[in-house]
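# Observations on the three-dimensional arrangement
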Amino acid sequence: MLTAASTDNTGRQYLPQSPDVLSPNQALMPLSSTVNGQDHLVVGGCDVIELVKQYGSPLYILDEQTLRTTCRQYRDSFQKYYGGESLVIYASKAWSCMAICAIVDSEGLGFDVVSGGELYTTLKAGVSPQKIYFHGNNKSREELNFALDEGVTIIVDNFFELELLKGLTGDRQTTAKIILRLTPGIECHTHEYIRTGHLDSKFGFDPNQIEAAFELVSQAEFLNCIGLHAHIGSQIFEQQPHKDLGDVLAGWYKKAADYGLNPEILNLGGGLGIRYTESDDPPSIEAWSQNVAQSLEAACRSHGIPLPKLIVEPGRSLVGSACVTAYTVGSRKVVPEIRTYVSVDGGMSDNPRPITYQSLYRAVIANRLSAPCEETITVAGKHCESGDVVIKDAQLPMPQPGDILVVLATGAYNYSMASNYNRIGRPAAVLVNDGEAQLIIRRETLEDLVRQDCLPERLRQG
Ligand SMILES: *Cc1c(COP(=O)(O)O)cnc(C)c1O
């Protein structure tokens, strides 16, 4: 059984981590999770209850062991299964902060950034521009100039950007490395908002535009097309879409030669899913990587082209399972015959996924892990929105005020999509490993919340 934590038939909150959980994206809890003698959840050797005492709640707790294991599994799997050169790059939009960039960089991965802010964060963390790839369907002139100044590779999304870059590189008389993003026309079964490879998508060149893009690039003196890219969506459990994608990209790779282009890179994007609840059943990182690598090799053979450098860019599956969020339980409201709401001290401002994508999560009461799950309750956030629900119908022991409720698998698209809605400060994040905890993101203070406000003199009282 792969499950790290689950409500099994006996209604236990937590099942001890099996040593054979091989792939972090299949584990509900960070790999280092254990229970101590006080019946508390321990992550990275740190008692979660003590962490909340020290750093407050809500608190993002990031397990370094899980993050590094994930990076290594991706890197090693591509080395093992792909005959050509490969590079795994972290789609940093999943959680962009300097400490995570530094850890991922130290494991030898590259980076995908989608804004000047993510580019800046990555550079500040000490990442070499050679390992950074800049995405986005509407990069500004300032962002493109920033990317050109730093010499990062730019993933070009559309004709407007191609023309803009042609102009900017012409002014500078310096060559830019670009990769063209294609829309492969591949459907995958995931939420509509996180599907990107189908034809009705805002991203990339459509099949009927690609050759015109090749033509334009071949005419541009300072644009060097080093590769082709496609990304088909997120939280994907099927293997077939990436098989199909390898074939589509290999076909366009071959076609590019007709225009005198010789890209060396094929970038197949990210998208591997993770286990948020017991019912999620994603393939392992190794199985996913093997499928991508071998499908691309087969596609290259059938198109008669040499093996390109293969890039993949996982985001969610790289950080998602490495983090949990600890909340403190507060008020309760019983709606007779309907449901019991238990509120925590955060919600949609630190995790907007439930309200945005109807995402499901799993939680445990971290200060009494052996208590049986005998209630069905709805964990509500503290924001002024009825939809601000962290988990609907969670199976838990009845949460009591002061309990520490820990939501699992919150590493991806939580902090990065966090807001200050209701002027609630964003939580702190700590990195845990070997019994030590270190702050990687400071909690926002009240002063932080008004820092950008300007009060014109004439509006000042007194
Ligand atoms: C979001 C994104 C990714 C990462 O997707 P995950 O599902 O988080 O792995 C990779 N590439 C591009 C272009 C993206 O937009």
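Because the structure is a prediction, the values reported are computed rather than measured.

As a structural note, the neighbourhood of the ligand is formed by 16 residues, with Lys93, Ser234, Glu313, Arg316 and Tyr413 the closest of them. In this structure, an oxygen atom belonging to the ligand sits 2.6 Å away from a side-chain N or O atom of Lys93. In the model, a nitrogen atom of the ligand is placed 3.5 Å from a nitrogen or oxygen of the Asp112 side chain. A total of 380 Å² of accessible area belongs to the ligand in isolation, and the protein chains cover 94% of it. In terms of residue class, the shell around the ligand is built from three nonpolar, eight polar and five charged.

Looking now at the domain arrangement of the protein chain. Examined at the domain level, the protein chain breaks down into domain 1 (5-63 + 322-444) and domain 2 (65-319). Each of domain 1 and domain 2 has a C-alpha centre, and these two points are 32 Å apart. A per-residue breakdown of the area domain 1 buries against domain 2 is headed by Asn25, Gln26 and Tyr413, which together make up 22% of the total. Linking domain 1 with domain 2 are one salt bridge. With a shortest N-O distance of 2.8 Å, Glu278 and Arg362 are connected by a salt bridge. For the pair domain 1 and domain 2, the number of links is 16 residue pairs in polar contact (both at pLDDT 80 or more).

Attention now moves to the side chain of Ser317. Looking at the element boundaries, Ser317 is found in helix 10 (residues 316-319). Only 2.6 Å separates the side chain of Ser317 from the side chain of Tyr74, close enough to count as a polar contact. Residues in contact with Ser317, not counting those within four places in the same chain, are Asn25, Thr70, Tyr74, Leu272, Gly273, Ile274 and Ile285.

With that out of the way, let us pick up the sheet that holds strand 8 (residues 153-156). One closed barrel holds the eight strands; their spatial order is 5-6-7-8-9-10-11-12, and the pairing between them is parallel. Neighbour-to-neighbour, the strand axes of the sheet open up by a mean angle of 30°, direction not taken into account. Bridge analysis of strand 9 (residues 176-181) against strand 10 (residues 223-229) gives six bridges, and the strand direction is parallel. From the neighbouring strand, Ala176 faces strand 10, where its bridge partner is Leu223. The sheet contacts of helix 2 (residues 64-81) involve strand 5 (86-91) and strand 12 (309-312), and relative to strand 5 the element is tilted by about 155°. Sitting on the sheet, helix 4 (residues 116-124) touches strand 6 (110-113) and strand 7 (132-134), and the angle it makes with strand 6 is about 155°.

The subject of this paragraph is the packing of aromatic side chains. In this description, a pair of aromatic rings is defined by centroid distance and the angle of the planes. According to the stated counting rule, one finds nine aromatic pairs in the structure shown. Ring plane angle 75° and centroid distance 5.2 Å describe the contact between Tyr276 and Tyr361, whose orientation is recorded as edge-to-face. One end of the pair, Tyr276, is in the loop between strand 11 (265-267) and helix 9 (285-303); the other, Tyr361, is in the loop between helix 11 (353-357) and strand 15 (363-365), with 85 residues separating them in the sequence. Among the residues examined, Tyr276 registers a relative accessible area of 3% and is labelled buried.

Turning our eyes to something else, we now look at the nonpolar core. Ranked by size, the top nonpolar core spans 87 residues in total, and within it Leu67, Trp95, Leu162, Ile178 and Leu180 carry the most contacts. Considering every element that reaches this core, the biggest residue donor is helix 9, with seven residues. Residue-level mapping places this core at the junction of two domains, with at least three residues from each of domain 1 (5-63 + 322-444) and domain 2 (65-319). Leaving out residues up to four positions away in the same chain, Leu180 has contacts with Val156, Leu162, Phe205, Ala213, Phe214, Val217, Cys225, Gly227, Leu228 and His229. Judged by nonpolar contacts, the second largest core, of 24 residues, contains Met29, Val43, Tyr55 and Ala366.

Bringing the environment of Val407 into the picture now. With respect to the helices and strands, the residue Val407 is situated in strand 18 (residues 404-407). Taking the C-alpha atoms as reference points, Val407 and Pro283, 124 residues apart in sequence, are found 22 Å from one another. Residues contacting Val407, with those up to four places away along its chain left out, are Val324, Thr325, Tyr327, Tyr361, Arg362, Ala363, Val390 and Ile391.

With that out of the way, let us pick up the layout of surface pockets. Estimates place the volume of the second largest pocket at around 340 Å³. Taken together, 18 residues make up the lining of the second largest pocket; nearest its centre are Leu360, Tyr361, Ile391, Lys392 and Asp393. Take the lining of the second largest pocket: its biggest share by element is eight residues, from strand 17 (residues 389-396). Residues that form the lining of the second largest pocket fall into these classes: nine nonpolar, five polar and four charged.

The next point concerns the packing of helix 2 against helix 3 (residues 98-106). Taken N-terminus to C-terminus, the directions of helix 2 and helix 3 make an angle of 45°; their axes are 9 Å apart at the nearest point. With respect to each other, helix 2 and helix 3 are oriented oblique. Between helix 2 and helix 3 the crossing geometry is right-handed. For the pair helix 2 and helix 3, the contacting residues are Glu64, Leu67, Arg68 and Cys71 in the first and Ile100, Ile103, Val104 and Ser106 in the second. Class assignment for the residues of the contact of helix 2 with helix 3 results in five nonpolar, one polar and two charged.

Bringing helix 6 (residues 159-172) into the picture now. Between its first and last C-alpha atoms helix 6 spans 20 Å; for 14 residues at 1.5 Å apiece the expected length is 20 Å, and the two agree. When helix 6 is considered as a whole, its buried residues turn out to be Glu161, Leu162, Leu164, Leu165, Leu168 and Thr169. The arc that holds the buried residues of helix 6, viewed along the axis, is 165°, so those residues lie on one side. Turned more than 90 degrees away from the buried face of helix 6 sit Phe160 and Asp171, all of them exposed. Looking at the buried positions of helix 6, the neighbouring elements they touch are helix 5 (141-150), strand 8, strand 9, helix 7 (210-219) and strand 10. Gln173 sits one or two positions beyond helix 6 and adopts a positive phi of about 55°.

That bond from Ser57 to Pro58 is cis: its omega, -5°, falls within 30 degrees of zero. One non-glycine residue, Gln235, lies in the positive phi region at around 55°. A positive phi is found at Asn422, a non-glycine position, where the angle reads about 65°. Residue position: Asn422 is located in the loop between strand 18 and strand 19 (428-433). A relative accessible area of 33% means that Asn422 is categorised as partly exposed.

Cut-offs and rules
- Residues numbered from 1 in each chain as written.
- Predicted model: local features only at pLDDT ≥ 70, side-chain atom pairs only at ≥ 80, totals over all residues.
- Heavy atoms only, no water.
- Near = heavy atom within 4 Å.
- Polar contact = N/O pair within 3.5 Å; in protein donor to acceptor, adjacent residues only side chain to side chain.
- Areas by Shrake-Rupley, 256 points an atom, 1.4 Å probe, with all protein chains shown as cover.
- Nonpolar A, V, L, I, M, F, W, Y, C, P; charged D, E, K, R; others polar.
- Domains from an automatic or database assignment.
- Buried area = accessible area lost by both parts, 1.4 Å probe.
- Salt bridge = Lys/Arg side-chain N within 4 Å of Asp/Glu carboxyl O.
- Helix = DSSP H or I, 4+ residues; strand = E, 2+ residues; numbered from the N terminus.
- Contact = heavy atoms within 4.5 Å.
- Pairing = 2+ DSSP bridges.
- Axes fitted to C-alpha atoms, helices over the stretch in contact; angles between N-to-C directions.
- Phe/Tyr/Trp six-rings, centres within 6.5 Å; stacked < 30°, edge-to-face > 60°.
- Buried < 20%, exposed > 50% of the residue type's maximum accessible area, 1.4 Å probe, protein only.
- Core = buried A, V, L, I, M, F, W, Y, C linked by side-chain atoms within 4.5 Å.
- 1 Å grid on protein atoms, 1.4 Å probe; cavity = no way out; pocket = protein on both sides within 12 Å on 5 of 7 lines; lining within 4 Å.
- Points joined across faces, edges and corners; volume = space filled by probe spheres on them.
- Parallel < 35°, antiparallel > 145°, perpendicular 65-115°, else oblique.
- Left-handed = near helix turned anticlockwise from the far one by under 90°.
- Expected span 1.5 Å × (residues − 1).
- Arc of directions from axis to C-beta.

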